[in-house]
Amino acid sequence: MSDTTTLGRKKETDFDDLVGRVPETETDWRTIAARAHRLRKFPGDEAAAKTHELHIWEIRGGLLSGTSREIRFCPRCLERGVKYILLFMGGIDRCGTCGWPS
């Protein structure tokens, strides 16, 4: 007989790859969160997963402040024609030259 208390939920083994995974960056955390939403499949979870993925895209594109493992250049300095790599300071990537994103 099947377990009726887990109706609408995925098996525990589907979440095993997420358990104990410690995110190193904000984009890593958002990747994990998007996967968890997709596995759960409650109403609104697909929209939440897509929102996390949009934020990842915006962070990596320099449109939002956040942290990423990829090297990113300061968008404000790029507009001036110079390339400065963002530094991880105070929980987000920042420019040491112009202070982006503030």
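Everything below is about the structure shown above.
Here the structure is a predicted model, which means the values were calculated and not measured.

Caption draft 1: Geometry of helix α3 (residues 45–60). In a regular helix each residue adds 1.5 Å, so 16 residues correspond to 22 Å; α3 covers 23 Å between its end C-alpha atoms and thus fits that length. Considered for burial, the residues of α3 that qualify are Asp45, Ala49, His52, Ile56, Glu58 and Ile59. Those residues of α3 that are buried are in contact with α2 (26–40). Directly beyond the C-terminal end of α3, a positive phi value near 80° is found at Gly62.

Caption draft 2: Just the packing of α2 against α3, in detail. Two numbers describe how α2 lies on α3: the axes approach to 8 Å, and their chain directions differ by 160°. Taken together, the axes of α2 and α3 are roughly antiparallel relative to one another. Like other packed secondary-structure pairs, α2 and α3 cross with a definite hand, here left-handed. Of the residues in α3, those touching α2 at Glu26, Thr27, Trp29, Arg30, Thr31, Ala33, Ala34, His37, Arg38 and Arg40 are Asp45, Glu46, Ala48, Ala49, Lys50, His52, Glu53, His55, Ile56, Ile59 and Arg60.

Caption draft 3: Just the state of the cysteines, in detail. Within this structure, the stated rule accounts for zero disulfides. Here Cys74 stays free of any disulfide, with the sulfur of Cys98 as its closest cysteine sulfur at 3.5 Å. Of all cysteine sulfurs in the structure, the one in Cys74 sits closest to Cys77, which takes part in no disulfide; the separation is 3.7 Å. According to the relative accessible area criterion, Cys77 is buried, its value standing at 0%.

Caption draft 4: Quick look at the side chain of Asp45. Tracing the sequence through the fold places Asp45 in helix α3. For Asp45, the contacting residues outside a window of four places in its chain are His37 and Arg40.

Procedures and definitions
Residues numbered from 1 in each chain as written. Predicted model: local features only at pLDDT ≥ 70, side-chain atom pairs only at ≥ 80, totals over all residues. Heavy atoms only, no water. Helix = DSSP H or I, 4+ residues; strand = E, 2+ residues; numbered from the N terminus. Expected span 1.5 Å × (residues − 1). Buried < 20%, exposed > 50% of the residue type's maximum accessible area, 1.4 Å probe, protein only. Contact = heavy atoms within 4.5 Å. Axes fitted to C-alpha atoms, helices over the stretch in contact; angles between N-to-C directions. Parallel < 35°, antiparallel > 145°, perpendicular 65-115°, else oblique. Left-handed = near helix turned anticlockwise from the far one by under 90°. Disulfide = S-S within 2.5 Å.

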